[in-house]
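Residue-level listing of the chains:
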Amino acid sequence: MHADLAFRPSSMRRLRPPVAADFWRQIKRTVNGVAVSELQINLIVDAIFDGLQLSPEDVVCDIACGNGALSQYLFDSCSSLFGSDIDSQLIATAFEHFAEPPAFDFVCMDANSYVQAEANPQRFTKALCYGSFSYFPADDAERVLTALHQRFINIERVYIGNLPDRQRADRFYPQGKDYLAELERATAPIGIWRSADDWRELAARCGWRIRFHQMPGEFYAAHYRFDVILER
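Novice: What is the right way to read the side chain of Ser 134 from this model?
Specialist: By the secondary structure assignment, Ser 134 is in the loop between β6 (126–130) and α5 (138–150). With near-sequence residues (within four places) excluded, Ser 134 lies in contact with Pro 164, Ala 186, Ile 190, Gly 191 and Ile 192.

Structure (structure tokens):
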């Protein structure tokens, strides 16, 4: 893996007030149970901005958006964003604290059902899935990426972040633990681990070109995770 994106300084985008730690804990954006710092969140947001090449005209599809805490960092830099998530409690939080309809809105629906059912997929120009893709069952993962390519025809780029790297699983699990069975299960604590080659094959089957992005060393999960950017 290598970093092939330049990071955009936070000063180049409008920053909303910091999100309370409880919101990050709710979506397990934590280290040993402690919510990650605002610095860590800004590293994530900067990577998403650069990976998507986000512009004020963009309409963003945020798949498995959780409680909307991350989504709202994009609101001031796109024309609209629509998020979906399977968890009704998380979506309730998104509605209560972050939704600004009609431009910024959310729906409770699993990823595969949403991408198949979206009534106006042509409106979207960019897509995001951060920290959740590894929890999609393998068949659903392929269906989601295929639908984004075939139905959401105006999406130029898809940013999929915080993916566990199968080739570096030994950097996450404690020495001596037999973890191989966990790497294949979407229901495991980290979900399905895929290598770069796995991702190249998955992207190709679904019609996408792929680039890889490695977060900087100060990012809390850089030692065992990477991001991918899919393009037409």
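This is not the end of the story, as more comes after the structure.
Novice: Got a minute to help me understand unusual backbone geometry in this structure?
Specialist: Glycine aside, the phi torsion of most residues is negative, and most peptide linkages are trans. Here Pro 101 and Pro 102 are connected by a cis peptide whose omega angle stands at 5°. With respect to the element layout, Pro 102 can be found in the loop between α3 (88–97) and β5 (104–108). The backbone of Gln 53 shows a phi angle near 50°, a positive value even though the residue is not glycine. Topologically, Gln 53 is positioned in the loop between α2 (38–52) and β3 (59–63).

Novice: Just to check I follow, could you spell out the pattern of salt bridges for this structure?
Specialist: Two side chains bearing opposite charge may form a pair once their charged atoms approach each other closely. In total, this model carries 12 salt bridges according to the counting rule given. Between Glu 118 and Arg 123 there is a salt bridge, and its shortest N-O distance comes to 3.3 Å. Linking Lys 177 and Glu 182 is a salt bridge whose minimum nitrogen-to-oxygen distance equals 3.7 Å. Glu 182 sits in the buried class, given a relative accessible area of 17%. A single network of salt bridges, built from pairs that share partners, joins Glu 156, Arg 157, Arg 209, Arg 211 and Glu 231.

Conventions and cut-offs
- Residues numbered from 1 in each chain as written.
- Predicted model: local features only at pLDDT ≥ 70, side-chain atom pairs only at ≥ 80, totals over all residues.
- Heavy atoms only, no water.
- Helix = DSSP H or I, 4+ residues; strand = E, 2+ residues; numbered from the N terminus.
- Contact = heavy atoms within 4.5 Å.
- Salt bridge = Lys/Arg side-chain N within 4 Å of Asp/Glu carboxyl O.
- Buried < 20%, exposed > 50% of the residue type's maximum accessible area, 1.4 Å probe, protein only.

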